[in-house]
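Listed below, chain by chain, are the residues.
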Amino acid sequence: MTTVMEVGSASSLLQLVSAGIGATIQPRELLKQHSGWSDIVSIPIAAPAPIRHLELTYYVDRFISKAQQQLSEWMIDFFKARSSLS
């Protein structure tokens, strides 16, 4: 399959699906939040469930503010705790 277009928002993805020119994997509750797309059918994925990888990147030679440091530390702690639960 060749990627023809990429979009960054869930609304844009749902518009493409509604127009019949796209497909997307989204969280289960997303369609409930967007009642305007009643023509879209949700198909549950049972197993294996898709996973998402998150990567934290930054430039080593650039200044990192205290707020950015705190956010990075919070994200690392949050996801370490979640990964230990599974």
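All of these numbers come straight from a predicted model, not from anything done at the bench.

Draft legend 1. Representation of the overall build of the protein chain in the model. Looking only at helices and strands, one finds 3 helices and 0 strands in the protein chain. In sequence order, the protein chain lays out its α and β elements as α-α-α. By the compact-globule yardstick of 12 Å for 86 residues, the protein chain is too spread out, its C-alpha radius of gyration being 18 Å. Judged by the C-alpha coordinates and their principal axes, the protein chain covers about 45 × 30 × 30 Å. Here the contacts in the protein chain between residues at least 6 apart in sequence split such that 12% fall between residues at least 24 apart.

Draft legend 2. The packing of aromatic side chains, seen in detail. What the rule picks out here adds up to 2 aromatic pairs. Geometrically, the ring pair formed by Phe 78 and Phe 79 is edge-to-face, given 4.9 Å between the ring centres and 90° between the ring planes. Chaining the aromatic ring pairs together yields one cluster made of Trp 74, Phe 78 and Phe 79. Here the guanidinium or amino end of Arg 62 rests over the ring plane of Tyr 59, the centre of that ring lying 4.4 Å away.

Draft legend 3. Region of interest: unusual backbone geometry. Pro 48 follows Ala 47 through a cis peptide bond whose omega is -10°. Note on placement: Pro 48 falls in the loop between α2 (30-33) and α3 (66-85).

Draft legend 4. Geometry of the confidence of the model for the protein chain. Scored by pLDDT, the protein chain has a mean of 81; 95% of the residues are at 70 or more. Within the protein chain, the element-level pLDDT minimum falls on α2, averaging 78, and the maximum on α3, averaging 86.

Draft legend 5. Broad picture of the environment of Gln 33. Positionally, Gln 33 belongs in helix α2. Taking the C-alpha atoms as reference, Gln 33 lies 29 Å from Asp 77; in sequence the two are 44 residues apart.

Definitions and limits used
Residues numbered from 1 in each chain as written. Predicted model: local features only at pLDDT ≥ 70, side-chain atom pairs only at ≥ 80, totals over all residues. Heavy atoms only, no water. Helix = DSSP H or I, 4+ residues; strand = E, 2+ residues; numbered from the N terminus. Rg over C-alpha atoms; globule rule 2.2 N^0.38 Å. Contact = heavy atoms within 4.5 Å. Phe/Tyr/Trp six-rings, centres within 6.5 Å; stacked < 30°, edge-to-face > 60°. Lys NZ or Arg CZ within 6 Å of the ring centre and 35° of its normal. pLDDT = per-residue confidence, 0-100.

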